[in-house]
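Inside the fold
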Amino acid sequence: MMASDNVSDKATFNEGLATINQRRILLQKSIEQLAAPSVRGYINSISISTGNNLQDILRLINQLFQFGHFAEIQSVVRDGLSKIRLQNWLPVLQQLLARIDTPHEHVASIIVDLIIGVSRQYPQSVVNNLVLAFKSGGSDRRRYYATKILYFMEEHSPRLVYEAFLVSFTTEFGTKKRPLLVHNVVSVDDLFKPHIYKLKSSELSSKPLI
């Protein structure tokens, strides 16, 4: 009787887990179905707006970080970003960088690609925020992605990256009243690569929201 009861309890437990898993899948599908039209709406509103439409951009960012781990939302966002002018993202660069340490790599990948695109057209508007994100501490993940974007920027704007780090380090050493031997700094490598934050993407853990 005892063995039979144990088998019965185990079967009941497994059935309960299966039911919970099915409900979880249905919940995810429902969220995707509800969120996708909302994301499309914000993208369309931003793309046809003659101004920056800051409120809709902020709402779109919130939707991306909240639901961007769903495959359909990722597809909608990637397709829609090409419709939005890159200059529209300039006022929210700090918000994007502040939240780039999301545990969802697909969401982070979208943000990284977006910032890289903005940096090609508006490098002066991006570089100082990136250097600040790189040097200000925070999570390992944030520094990793900031480093990744800076490497891309170094390909098309090496002098700009060099100067941004030079100003940053000069300010830092000046605050600490320590001399910075500028004549020994001859390239971006001298400022950037010795301080690079090395972290493989495989080391970044990802935890689902649901």
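Quantities reported herein were computed from a predicted structural model and do not represent experimental measurements. (Residues numbered from 1 in each chain as written. Predicted model: local features only at pLDDT ≥ 70, side-chain atom pairs only at ≥ 80, totals over all residues. Heavy atoms only, no water.)

Digging into helix 7 (residues 140-156)
For helix 7, spanning 17 residues, the distance from its first C-alpha to its last is 25 Å, which sits close to the expected 24 Å at 1.5 Å a residue. Arg141, Arg143, Tyr144, Tyr145, Ala146, Thr147, Ile149, Leu150, Met153 and Glu154 are the residues of helix 7 that are buried. (Helix = DSSP H or I, 4+ residues; strand = E, 2+ residues; numbered from the N terminus. Expected span 1.5 Å × (residues − 1). Buried < 20%, exposed > 50% of the residue type's maximum accessible area, 1.4 Å probe, protein only.)

Details of the pattern of salt bridges
Tallied over the full model, the rule gives 5 salt bridges. When the shortest N-O distance is used, the salt bridge between aspartate 113 and arginine 78 registers 3.2 Å. Pair noted here: aspartate 113 is in helix 5 (residues 105-121) and arginine 78 is in helix 3 (residues 71-81), with a separation of 35 residues, a long-range link. (Salt bridge = Lys/Arg side-chain N within 4 Å of Asp/Glu carboxyl O.)

What about the packing of aromatic side chains?
For the structure shown, the criterion picks out 1 aromatic pair. Summarising the aromatic geometry, the rings of tyrosine 144 and tyrosine 145 are spaced 5.1 Å apart at their centres and angled 65° between planes, so their arrangement reads as edge-to-face. Across this residue pair, the class does not change: tyrosine 144 and tyrosine 145 are buried. (Phe/Tyr/Trp six-rings, centres within 6.5 Å; stacked < 30°, edge-to-face > 60°.)

Observations regarding the nonpolar core
By size, the foremost hydrophobic cluster in this structure holds 48 residues, and its most contacted members are Ile73, Trp89, Leu96 and Ile115. Within the residue set of this core, elements represented by two or more residues are helix 1 (2-48), helix 2 (54-67), helix 3, helix 4 (93-98), helix 5, helix 6 (123-135), helix 7 and helix 8 (158-175). Take this core: its biggest share by element is 9 residues, from helix 5. Residues from two domains meet in this core; each of domain 1 (10-84) and domain 2 (91-209) gives at least three. Those residues within four positions of isoleucine 115 in sequence are excluded, and the remaining contacts are Leu93, Leu96, Leu97, Ile100, Val126 and Ile149. (Core = buried A, V, L, I, M, F, W, Y, C linked by side-chain atoms within 4.5 Å. Domains from an automatic or database assignment. Contact = heavy atoms within 4.5 Å.)

Details of the confidence of the model for the chain
On average, the chain scores 76 in pLDDT, and the residues at 70 or more come to 69%. pLDDT under 50 marks residues 177-188. Its contacts with residues more than four places away, or in other chains, come to 17 contacts. Throughout residues 193-210 the model reports pLDDT below 50, and contacts reaching past four residues in sequence, or to other chains, amount to 41 contacts. (pLDDT = per-residue confidence, 0-100.)

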